[in-house]
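Per-entry structural report
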Amino acid sequence: MLNRFCIRSTSILGFVIKSDTHVCTNYVNTSLRNCKSLSSSQPKFTENLRVRFAPSPTGYLHLGGLRTALYNYLAAAAQNGTFILRIEDTDSNRFVPGAAEALLDVLKWARLMPHEGYGIGGPRGPYLQSGRKHLYQKYALELINQGAAYRCFCSPLRLELLRKRGGKSGSPVPYDNKCRSLTKAKAEEILAQGLPFCIRLKLEEIGPWEDTVYGSVPYDLDEADPVILKTDGQATYHLANVVDDHLMAITHVIRGDEWLRSTPKHLLMYQALGWSPPSYAHLPLLLNTDGSKLSKRQDNLRVEQLRRCVLLVLVDRQACVLILLVDSQACVVLVDRQACVVLVDSQGCVLLVLVDSQACVVLVLVLVDSQVCVILVLVDSWVAGYSARTLINLVLGTAVQDRDQQVVYSLDELVDKFSLSHVTKRHTMVDLDRLCNLGQQDFLRSVQDAAESPSTVQVMQDMIRDAYGDSAGAETAYVRRVLQAFTSRPVERLTQLLDPSRSYLWQDPPPLQLSAPHLLGG
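Per chain, residue numbering runs from 1 following the sequence as it is written. Predicted model: local features are reported for residues with pLDDT of at least 70 only, side-chain atom pairs are reported and counted for 80 or more only, and whole-chain, interface and lining totals are derived from all residues. Neither water nor hydrogens contribute to the side-chain values; these are computed over all heavy atoms in the structure.

**Describing the state of the cysteines**
For the purposes of this analysis, a disulfide is any pair of cysteine sulfur atoms at a distance within 2.5 Å. Scanning all chains against the criterion turns up zero disulfides. Cys154 provides the cysteine sulfur closest to Cys152, a residue in no disulfide bond, and the two sulfurs are 3.8 Å apart. Sulfur of Cys198: no disulfide; nearest cysteine sulfur belongs to Cys152 and is 4.3 Å away.

**Some words on the pattern of salt bridges**
We define a salt bridge as a side-chain nitrogen of Lys or Arg found within 4 Å of a carboxyl oxygen belonging to Asp or Glu. By the definition in use, this model includes 19 salt bridges. For Arg389, the salt bridge is made with Asp442, and the minimal N-O distance between the two is 2.6 Å. Of this pair, Arg389 sits in helix α10 (residues 388-394) while Asp442 sits in helix α12 (residues 434-448), placing them 53 residues apart in sequence. Comparing Arg389 with Asp442 shows no difference in burial state: the two are buried. Its salt-bridge partner being Arg389, residue Glu452 comes within 2.8 Å of it at the nearest N-O pair. Taken together, the positions of Glu452 in the loop between α12 and α13 (453-468) and Arg389 in helix α10 put the pair 63 residues apart, joining distant regions of the chain. Accessibility classification places Glu452 together with Arg389 in one group, the buried group. What emerges from the salt-bridge pattern is a single network uniting Arg52, Arg86, Glu88, Arg132, Asp244 and Asp245. The way it works is that DSSP assigns letters per residue, a run of H or I at least four long becomes a helix, a run of E at least two long becomes a strand, and they are numbered from the N terminus. Think of it in three bands: with a 1.4 Å probe and only protein chains considered, a residue is buried below 20% of the maximum accessible area for its type, exposed above 50%, and partly exposed in between.

**Side note on the nonpolar core**
Residues grouped as a nonpolar core are buried Ala, Val, Leu, Ile, Met, Phe, Trp, Tyr and Cys residues, joined through side-chain atoms within 4.5 Å. Ranked by size, the top nonpolar core spans 92 residues in total, and within it Leu63, Leu70, Tyr71, Leu112, Leu143 and Leu239 carry the most contacts. Here this core takes eleven residues from helix α2 (residues 63-78), the largest share from any one element. We call two residues in contact when some of their heavy atoms are within 4.5 Å. The contact partners of Tyr71, leaving out residues within four places of it in the chain, are Ile254, Leu283, Leu396, Gly397, Thr398, Ala399, Phe418, Leu420 and Val423. One finds Met463, Tyr468, Val479 and Val482 within the second-largest nonpolar core, a separate group that totals 21 residues.

**Here's the deal with α2**
Between its first and last C-alpha, α2 extends 22 Å over 16 residues, near the 22 Å set by a 1.5 Å rise per residue. For α2, the tally of buried residues reaches 15 of 16 residues, placing the bulk of the element in the interior. Positive backbone phi, approximately 55 degrees, marks Asn80, located one or two places after α2. By this rule the span expected of a helix is its residue count minus one, scaled by 1.5 Å.

**Quick word on the side chain of Thr487**
Locating Thr487 in the fold gives a position in the loop between α14 (476-485) and α15 (516-519). Exposure remark for Thr487: the relative accessible area of 18% places this residue in the buried category. The term polar contact refers here to a pair of N or O atoms within 3.5 Å; inside protein, the definition further demands a hydrogen-donor-capable atom paired with an acceptor-capable atom, and it admits residues adjacent in sequence only when both atoms are side-chain atoms. Polar contacts involving the side chain of Thr487 include one to the main-chain carbonyl oxygen of Gln484, which spans 2.6 Å. Excluding anything up to four places from it in sequence, Thr487 contacts Phe443, Leu444, Val447 and Gln448.

**What to know about the packing of α13 against α14**
Between the N-to-C directions of two axes lies an angle of 0 to 180 degrees, each axis being a line fitted to C-alpha atoms and, for a helix, fitted only over the stretch in contact. It is at 10 Å that the axes of α13 and α14 come closest, and there the two elements cross at 105 degrees. Here α14 runs roughly perpendicular to α13, going by the angle between their axes. Counting all contacts with α13, which are made through Thr456, Val457, Met460, Gln461 and Ile464, the residues of α14 involved are Thr476, Val479, Arg480 and Leu483. Only Asp, Glu, Lys and Arg are considered charged in this grouping, and only Ala, Val, Leu, Ile, Met, Phe, Trp, Tyr, Cys and Pro are considered nonpolar; every other residue, Gly among them, is considered polar. A per-class count over the contact of α13 with α14 returns five nonpolar, three polar and one charged. Note that the term roughly parallel is reserved for angles under 35 degrees, roughly antiparallel for angles over 145, roughly perpendicular for angles of 65 to 115, and oblique for everything else.

**What to know about the sheet that holds strand β5 (residues 198-201)**
Pairing between strands is defined by DSSP: at least two bridges between the two strands are required. Reading across from one edge, β4-β5-β8 is the order of the three strands in this open sheet, with antiparallel pairing throughout. Only two strands of the sheet have a single partner each, and these edge strands are β4 (149-152) and β8 (227-229). The average angle at which neighbouring strand axes cross in this sheet is 45 degrees, direction not considered. Judged from the four bridges that link them, β4 and β5 form a sheet pairing that is antiparallel. Within β5, the residue paired with Cys152 across the bridge is Cys198.

**Considering the packing of aromatic side chains**
Any two rings among Phe, Tyr and Trp, with Trp reduced to its six-membered ring, count as a pair given centres within 6.5 Å; such a pair is stacked if its planes are under 30 degrees apart, edge-to-face if over 60, and tilted if neither. For the coordinates displayed, the defined rule picks out eight aromatic pairs. Judged by centre distance (5.5 Å) and plane angle (70 degrees), the rings of Tyr71 and Phe418 are edge-to-face. Of this pair, Tyr71 sits in helix α2 while Phe418 sits in the loop between α11 (411-417) and β18 (428-429), and the two are 347 residues apart along the sequence. On the basis of relative accessible area, Phe418 is assigned to the buried category, the value being 0%. Stacked on the ring of Tyr71, the Lys or Arg Arg67 has its end atom at 5.8 Å from the ring centre. Only when the NZ atom of a Lys or the CZ atom of an Arg is both within 6 Å of the ring centre and within 35 degrees of the ring normal do we say a charge sits over the ring.

**Observations regarding the side chain of Asp89**
Along the polypeptide, Asp89 turns up in the loop between β2 (82-85) and α3 (99-109). We count Lys and Arg on the positive side and Asp and Glu on the negative side, and we leave His and both chain ends out. There is no salt bridge for the buried Asp89, and the closest opposite charge comes from Arg86, which lies 8.8 Å off by N-O distance. One polar contact links Asp89 to Ser130, side chain to side chain, over a distance of 2.7 Å. If we skip the residues at most four places from it in the chain, Asp89 touches Pro57, Phe95, Leu128, Gln129 and Ser130.

**Describing the confidence of the model for the chain**
Do not read the fine detail of predicted coordinates wherever pLDDT is low. Put simply, the chain has an average pLDDT of 77, and 71% of its residues get 70 or more. Confidence scores per residue from the predictor, reported as pLDDT, run from 0 to 100. Note that residues 310-369 has pLDDT below 50 and, in this model, 147 contacts with residues that lie over four places away or in other chains. Taken together, the stretch residues 374-383 has pLDDT below 50 and engages in 29 contacts with residues farther than four places along the chain or on a different chain.

**Structural notes on α12**
Its 15 residues give α12 an end-to-end C-alpha distance of 21 Å, which sits within 8% of 21 Å, the value for a rise of 1.5 Å per residue. Listing the buried residues of α12 in full gives Leu435, Leu438, Gly439, Asp442, Phe443, Leu444, Ser446 and Val447.

**Description of unusual backbone geometry**
Cis geometry is found at the peptide bond from Gly125 to Pro126, where omega equals 0 degrees. A positive phi angle, close to 55 degrees, is found at Asn177, a residue other than glycine. If you trace the backbone, Asn177 turns up in the loop between α5 (156-169) and α6 (184-192). Positive phi, close to 60 degrees, is recorded for Ala249, a residue that is not glycine. Mapped onto the elements, Ala249 comes out in the loop between α7 (237-247) and β9 (252-256).

This is the structure in structure tokens:
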């Protein structure tokens, strides 16, 4: 796929672009209290579609996040639009160093490459929210000036007492909006005393609003005024995403339906600031096959866990060496935040400790008198190494016209078939057992398709040399014959062809050594 996309038919998307300069008259002329309906209108379609994928750098990308990134990418590709990567790191307590870089790396691997954003650049940066704090503070004050927000001086102790009281009474409202009733003069008097404060949004009764997937969505005002700027001056998600989406000219917001309930808060801020809101499309949840919600704590649903491949290679027929391959490059990775990877230079001891998503793998390599002693404590039989295309087809859902469940689609094909109008409110089941079938279909296509076969052979050659050395049997013609031979009994992943049980494919067997007495029968 080229960095920019061919212009597709304007009917592919299930919604239309809202011009950044177009402001609905009812948003300008109607007061908050009298507005009966808050929704983004749907003007004539233009070519300026801008969408964003805005994950938090709190860990590895989950399958749900991959689905959201995919839909945003396809929406941009289908309309020659712009796909933006923005990192929402406003929650410093959950920030994981290196997570943002890992997110971008996964998008590159999956070929869902943004046009602008974090790690890429662009005219509307910075694309890291921690660098936009001054903007959030500016617009929080503007909301106060417009009468749509207020300073809350309630102490943490008072808020805690309210929460405990609410727990006893069964009240769903943890805060009583006390500071909302402060007059402007009283608020300024308290402010002059130097008391810390946060800024809260004034929630108002509003009518239903329109969502591309869920249609007309009602809103019941049954919660306290939310904090939009914390006492440390950092914005919460509600304010930050509104400010960023406007300043980055986002025309369509495609995100998980966990944000469905929060959207009226965002629409209230758009209205108070006189901005035109984007069109919204909230994606239904991904569920396990038992109907339970997919959890970020399920390690085997992390894209990194399914992407990385673990190979076991025999060493002197006595022990196993654990090798991690990523994009045909041999490397060692941090599999889990609870794991540790410690490597000491070759002049001393080498200690490698890895934690797999299913079990603990501890491999100790000790260099003693130039001899490597390998101690294998435990190796789990579960391995990964699925292709990006396999995982994309796993989370694809219903946004494809006339989808054949037995076919693995390429990104180009998905661009032609993608339509948010086909996404239903029904939750999508993620059946990991389907990975086997999808992986096999992906293998067959990558080997049998004339356009894909040469690159598949090259990838396989690189993997063979990484695992077995340059002397391995990795000649192009030979590798092609081996891959073709396995089309009759396809594997799920190319890495399965490097399993120790198939080492005979790439290595000559060691010479058979027999003693002379044995030959003589003595």
